[in-house]
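# What the coordinates show
Each chain, letter by letter, is given below.
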Amino acid sequence: MAPFATEILEAGGFRFTGKHYRSRLDGKLVVIAETDPIKGRPSDAFLKQVADVADVLPPP
């Protein structure tokens, strides 16, 4: 089962590759961060860094 936001993006023609991915388990909380460009050509290093930062953000 894909997260809701992923389904919306895929319906618009965007696909996630799983290439710039980070996850962690924090007690009962599972954090999953994946980044892929929608526009432009950001570097792989930049996309990986974004996923690394998103992984440590507190829950909303």
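Notes on the structure follow. Along each chain, the written sequence defines residue order, and numbers are assigned to residues from 1. Note on the predicted model: pLDDT of at least 70 is required for a residue's local features to be given, and 80 or more for side-chain atom pairs to be given and counted; whole-chain, interface and lining totals, by contrast, use all residues. For the side-chain quantities, the full set of heavy atoms in the structure was used; hydrogens and water were omitted.

Strands here mean DSSP runs of E at least two residues long; helices mean DSSP runs of H or I at least four residues long; both are numbered from the N terminus. Assignment of secondary structure puts Asp 55 in helix α2 (residues 44-56). If near-sequence neighbours (up to four positions away) are discounted, Asp 55 is found in contact with Arg 22, Ser 23, Arg 24, Val 31 and Ala 33. Contact definition: two residues touch when any of their heavy atoms are within 4.5 Å.

This brings us to α2. An expected span of 1.5 Å times one less than the residue number is assigned to each helix. Over its 13 residues, α2 runs 19 Å from end to end, which matches the ideal 18 Å to within 8%, given 1.5 Å per residue. For each residue, the accessible area found with a 1.4 Å probe, counting protein chains only, is set against the maximum for its type, and the residue is called buried under 20%, exposed over 50%, and partly exposed in between. Among the residues of α2, Leu 47, Ala 51 and Asp 55 are the ones counted as buried. Take α2 and look down its axis: the buried residues cluster within an arc of 80°, on one side only. Of the residues in α2, the exposed ones pointing more than 90 degrees away from the buried face are Val 53 and Val 56. Elements that come into contact with the buried residues of α2 comprise β1 (20-26) and β2 (29-35). For this quantity, the arc is that covered by the directions from the helix axis to the C-beta atoms.

This part covers the pattern of salt bridges. We define a salt bridge as a contact between a side-chain nitrogen of Lys or Arg and a carboxyl oxygen of Asp or Glu at a distance within 4 Å. Under the definition given, this model contains six salt bridges. In this structure, the salt-bridge partner of Arg 22 is Asp 55, at a minimum N-O distance of 3.3 Å. Within this pair, whereas Arg 22 is found in strand β1, its partner Asp 55 is found in helix α2, the two being separated by 33 residues in sequence. Look at Arg 22 and you get partly exposed, because its relative accessible area is 37%. Between Lys 48 and Asp 52 there is a salt bridge; the shortest N-O distance is 3.1 Å. Here Lys 48 and its partner Asp 52 are both found in helix α2, four residues apart, which amounts to about one turn of the helix. Several salt bridges converge on common partners, so that one network encompasses Arg 22, Arg 24, Asp 26, Lys 48, Asp 52 and Asp 55.

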